[in-house]
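Spelled out from the first residue to the last, the chains are:
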Amino acid sequence: MRLAFHAADRPDALSARNALVERYGDCPLLEADCVIALGGDGCMLDALHAVMGHNIPVYGMNFGSVGFLMNDPVHDDLPAHLEAAETAIIHPLRAKGSNVHGETFESLAINEVSLLRQTRQTAKIRIFIDDIERMEELAADGVLVSTPAGSTAYNFSAHGPILPIDASLLALTPISAFRPRRWRGALLSHASTVKFDVIEPVHRPVAAVADNREFRDVKSVTIAESDDVTLTMLFDAGRALDERIILEQFTS
């Protein structure tokens, strides 16, 4: 089995990479049968983005803080762990938008696409679902659309729902909503298309963030699941992502 190792820039992850490469060898990322991500959840996202569109599974070892998407570190019999691993299949979100300067952008997001106010001014955002206006004006720090894989990350911190990994749903979650004050978001079909129009985008500038890519001075963003892109994460038996999502909901 050809393995490629992708390590976070931290001493313990780099030390583990050196030891694993000496033992199992290393090959270019896009020539691997499996990529081993060494770090935290951010490292896993970086590795998944790196193999996007190449159908190469990624197995993570936790050398970070939370490591929700990672397994415990393994040094012995790594190929056997990979052969026995359970898979989690996910589809990223595709965000397409434009800014106040007439420029366009496009990006894929594994966890979420969020809109965030850039200044002290409250963001004002109009929300469309499948071309139907569902909210004339949301006044908030921002709003996000999350995949099931990302529902335990920023979405959960913003008091959004945790979604089972195999749920055919997306979470639409406001971030510190001011008006309507009692709105807590919505659950949407994974086939839905969400469009955010920024109201007063010059006076109330808003940034769009797709995982770790940021686009400033956004005017409009359309978000939909990219069903033509498939990503595979590997988890040790008994530690599959769906089980972790269940456990997270019973943890204080």
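Relevant structure appears above.
Procedures and definitions
Residues numbered from 1 in each chain as written. Predicted model: local features only at pLDDT ≥ 70, side-chain atom pairs only at ≥ 80, totals over all residues. Heavy atoms only, no water. Helix = DSSP H or I, 4+ residues; strand = E, 2+ residues; numbered from the N terminus. Expected span 1.5 Å × (residues − 1). Buried < 20%, exposed > 50% of the residue type's maximum accessible area, 1.4 Å probe, protein only. Arc of directions from axis to C-beta. Polar contact = N/O pair within 3.5 Å; in protein donor to acceptor, adjacent residues only side chain to side chain. Contact = heavy atoms within 4.5 Å. Salt bridge = Lys/Arg side-chain N within 4 Å of Asp/Glu carboxyl O. 1 Å grid on protein atoms, 1.4 Å probe; cavity = no way out; pocket = protein on both sides within 12 Å on 5 of 7 lines; lining within 4 Å. Points joined across faces, edges and corners; volume = space filled by probe spheres on them. Nonpolar A, V, L, I, M, F, W, Y, C, P; charged D, E, K, R; others polar.

J.: I would appreciate a short explanation of helix α1 (residues 11-24) in the present structure.
T.: Each turn of an α-helix holds 3.6 residues, which means side chains three or four residues apart point in the same direction. Its 14 residues place the ends of α1 20 Å apart at the C-alpha level, agreeing with the 20 Å of an ideal helix rising 1.5 Å per residue. Regarding α1, the residues found buried are Ala13, Ala16 and Leu20. Down the axis of α1, the smallest arc covering the buried residues is 65°, so these residues share one side. Set apart from the buried face of α1 by more than 90 degrees, the exposed residues are Pro11, Asn18 and Glu22.

J.: Before we go on, may I ask you to explain the side chain of Thr147 in this structure?
T.: Mapping Thr147 onto the fold places it in the loop between β9 (132-146) and α4 (154-157). Looking at Thr147, the relative accessible area reads 4%, which means it is buried. In this structure the side chain of Thr147 is engaged in a polar contact, spanning 3.1 Å, whose partner is the backbone nitrogen of Gly150. Residues contacting Thr147, with those up to four places away along its chain left out, are His91, Leu93, Ala109, Ile110, Asn111 and Leu170.

J.: Help me understand the pattern of salt bridges in this model?
T.: Close approach of charged atoms allows side chains with opposite charge to pair. All told, the structure shown has 12 salt bridges when counted by the stated rule. Where Arg117 meets Asp141, a salt bridge forms, and the shortest distance between an N and an O atom there is 2.7 Å. A residue pair is termed long-range when its members are at least 10 positions apart, and Arg117 in strand β7 (residues 112-117) and Asp141 in strand β9 qualify at 24 residues. Here Arg117 falls in the partly exposed class, since its relative accessible area comes to 32%. The closest approach of N and O atoms between Arg216 and Glu214, which form a salt bridge, is 3.7 Å. Residue classification places Arg216 among the partly exposed positions, given a relative accessible area of 43%. Ionic contacts of the salt-bridge type, sharing partners, join the residues Arg94, Glu106 and Asp228 into one network.

J.: Explain the layout of surface pockets here, please?
T.: Space left empty within the atom packing is revealed by a probe, the size of a water molecule, rolled over the atoms. Of the pockets and cavities examined, the largest pocket occupies roughly 240 Å³. Taken together, 16 residues make up the lining of the largest pocket; nearest its centre are Ile89, Ile90, His91, Ile165 and Glu225. Elements that contribute at least two residues to the lining of the largest pocket include exactly β4 (86-90) and β10 (169-179). If you tally residues by element for the lining of the largest pocket, the top one is β4, at 3 residues. When its residues are assigned to classes, the lining of the largest pocket shows 10 nonpolar, 4 polar and 2 charged.

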